[in-house]
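Observations on the three-dimensional arrangement
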Amino acid sequence: MSHPSWHTGRRQQRGAVAIVAAFALLAALAAVVLAIEIGRMYSAHRELRKLASLSALDAARVVGGCDSTSAAAPEDVIEGVNATLLQQGLSLEEIAALAPGVLLGQQTSDAGLRVLDADADADAADSVAVTLTRQFPTPLIPIFTPPDAPMRATAYARQGVVGRVAVGSSLLGLNSEDSVLLNALLGGLLGTTLDLSVADYNSLLGADVTLLQLVEANVGVAGVDDLLSLETSLPGALNLVSQALYATGEGVELVAAGLLSTLAGIADPNVDEIRLGDYLRVEEGVEDLVGALPINVLDLLLGLAQLANEGYAVDFQIPGLVNLNIPGVLGLTVQAHLKIGEAPQEALGRPGYRADGSARTVARSSQLMVVLEVGVALLPIGSFSLLSLDLDLAVDAAPATAELAEIHCPTSAEPQPWARINAETTVARIGIGDFDIGDADPIGNADELVVLELLGLDLLVVDPPIILSLGSNEDGELIYDGPFVPKIAAPAPEHTQTIGVDPSTILSDAVGDLLSQLVPNLLGNINLLGLGPVLELTLTPVINLVLDILEPLLNLVGAAVLEPLLELLGVSLGSAEVTMKAVTVEQPFIFRVE
């Protein structure tokens, strides 16, 4: 017989278990639903982040400068974002619901993290943030209330697009005559006497260094931007390059390192301090993109030497000239006077133009004045000459400029980039007269020149001085096809183009024009010693004798001295020789997602 209280207890236990089971079932169901809701929200946010990232990558192409000639405006970037979202299959209504927003700025670093500096100047913007918003998914069960604020995703992206441009003659190889002239020129710029061989100069020509290597060689420099702003003497700069080359441990670079160390030891340390950034003009914000680009050591040496002498007159003797092989000529001397008004500048930066119309990346050649004092001893008697012929030949070269207008980035249809440069030449001047290199305008203020002296007395003069203009103010558009450095080892021949007059004939044509105007300007000092009538009778054959000497003299000095000297200084009279030295196009990348 069962006890009634025992049956009652068992019924109560079964009821309690049922209640607990019901609550557990409800809790499990709620957990499942919550997990589903969280998964739905996570999936929606992941999709939103994906759309924001894809939009940011395409927007970075617009902001970075691909196929653009001006700084990107926010509305242009928004238009690109909308086009990307359409390609992802979204309708216009769905795109509007996402409320796309963009923020332009410059990628920078904060505590080792890449961030967007939205306060950077609009022209300096190289990165973009794309923000998309959407409402949270409608809950499956109304008891789960979504947040009041919408779901948001922001992706930050950048694409680096930079080029390196130079204006000036490209040295492809040097011979013994070039080395003689380089010793004179570079010795004058360094304030010393040089005797380097053609092999030495070709070693400098064959060696390259990068900005990153220069940074690593200087323990006091934190990065490329610090390196470019570092003030140092010319010997200090040469030592810095030498140390960077030594660190490479490679053949031609080691030879060049030793040569630069020697030059640094004998160069005049008392010239003005220089900054590497005044020769290599790097656009602010792209230092990390140009650090690995190769820089030719001889170009760098000549550029820095000119920069150190900017505004000063440099004098040097031109050695190694032979006489004219004309009867009666005892010898020939050429003294050069050089004044660098503006040193050359290579430019590294992004393509396109700022809002004010100025180019982001502009290279220029030197603005300089060269005066060659040519002396010829005539009618020798032993080591003494009865007549001496003196001629001052001057060239005033204004800088040519080149602006990096556009870089077309690679696509599947066009796998290689191409670049467009807008270049401009200026008028050069050449003349015969008496020139003061220290004058503000030596050619414009030239005096009459005594050409011929008899026993130290003036016999023939050029009056007034002869001044000719070469070339014209001409601008042109140059197109360059890739691949470029660093995809190839060195610029291809087609990566150097010329606008303006033909540089191979302009100087010889100018010499011919000078000679044609020389006869009317040659005046005899007929009152010399009161023997005017006698000299007047003999003046014509004397002028003819001088002209017989002047024609080969001018041709020799033009071809053997002036033309190669200007080439070494990177100057082309009446033309601009423009080289697209390098192009770097990064793939757009995401550097942050929120």
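Residues numbered from 1 in each chain as written. Predicted model: local features only at pLDDT ≥ 70, side-chain atom pairs only at ≥ 80, totals over all residues. Heavy atoms only, no water.

**Points about the packing of aromatic side chains**
The condition that has to hold: The pairing test for Phe, Tyr and Trp rings, Trp by its six-membered ring, is centres within 6.5 Å, and the orientation test on the planes gives stacked under 30 degrees, edge-to-face over 60, and tilted for anything in between. Counting from the N terminus, the helices are DSSP H or I runs at least four residues long and the strands are E runs at least two residues long. The cut-offs for exposure are 20% and 50% of the maximum accessible area for each residue type, with area from a 1.4 Å probe on protein chains only; residues under the lower value are buried, those over the upper are exposed, and the others partly exposed.
With the rule as written, the count across this model stands at two aromatic pairs. Residues Tyr-156 and Phe-591 carry aromatic rings whose centres are separated by 6.0 Å and whose planes lie at 40° to one another, so their mutual orientation is tilted. Taken together, the positions of Tyr-156 in strand β4 (residues 151–158) and Phe-591 in strand β27 (residues 589–593) put the pair 435 residues apart, joining distant regions of the chain. Judged by relative accessible area, which is 12%, Tyr-156 ranks as buried. The class for Phe-591 is buried, based on a relative accessible area of 14%.

**Considering the sheet that holds strand β9 (residues 280–282)**
Here is the rule we go by: Only strands joined by at least two bridges in the DSSP assignment are considered to pair. Throughout, an axis means a line fitted to C-alpha atoms (over the contacting stretch in the case of helices), and angles, computed between N-to-C directions, take values from 0 to 180 degrees.
Spatial strand order, β9-β13-β5-β26-β24: five strands in an open sheet with mixed pairing. Only two strands of the sheet have a single neighbouring strand rather than two, namely β9 and β24 (496–500). Averaged over all pairs of adjacent strands, the angle between strand axes in this sheet comes to 20°, irrespective of strand direction. With three bridges connecting them, β9 and strand β13 (residues 346–349) associate as parallel partners. By the bridge assignment for β13, Arg-281 is matched with Ala-347.

**Regarding the pairing of strand β26 (residues 575–585)**
Of all eleven residues in β26, ten are buried, a share of seventy percent or more. When strand β5 (residues 161–167) meets β26, the two strands line up antiparallel, connected through seven bridges. Bridge assignment links Ala-166 to a residue of β26, and that residue is Thr-579. In the sheet, β24 pairs with β26 via five bridges, with the strands oriented antiparallel.

**Quick word on unusual backbone geometry**
Between Asp-463 and the following residue, Pro-464, the backbone shows a cis peptide bond with an omega angle of 0°. With respect to the helices, strands and loops of the structure, Pro-464 is situated in the loop between β21 (457–462) and β22 (466–470). Geometrically, the link from Gly-482 to Pro-483 is a cis peptide bond, its omega value of 10° lying close to zero. Within the secondary structure, Pro-483 sits in the loop between β23 (475–481) and β24.

**Comments concerning the sheet that holds strand β2 (residues 113–117)**
Keep this limit in mind: Two residues qualify as a contact provided that any one of their heavy atoms is within 4.5 Å of a heavy atom in the partner residue.
Pairing in this open sheet of five strands is antiparallel, and the strands run β2-β1-β3-β4-β27 from one edge to the other. Unpaired on one side and paired on the other, β2 and β27 mark the two borders of the sheet. Within this sheet the neighbouring strands show an average axis-to-axis angle of 40°, counted without direction. Sheet strands touched by helix α2 (residues 74–87): β1 (101–110) and β3 (127–134). Its angle to β1, the strand with the most contacts, is close to 105°.

**Some points on the environment of Tyr-279**
Note on placement: Tyr-279 falls in the loop between β8 (274–275) and β9. As for Tyr-279 and Gln-345, which are separated by 66 residues in sequence, their C-alpha atoms are 4.7 Å apart. Those residues in contact with Tyr-279, other than ones at most four positions away along the chain, are Asp-299, Leu-300, Gly-303, Leu-304, Leu-307, Pro-344, Gln-345 and Glu-346.

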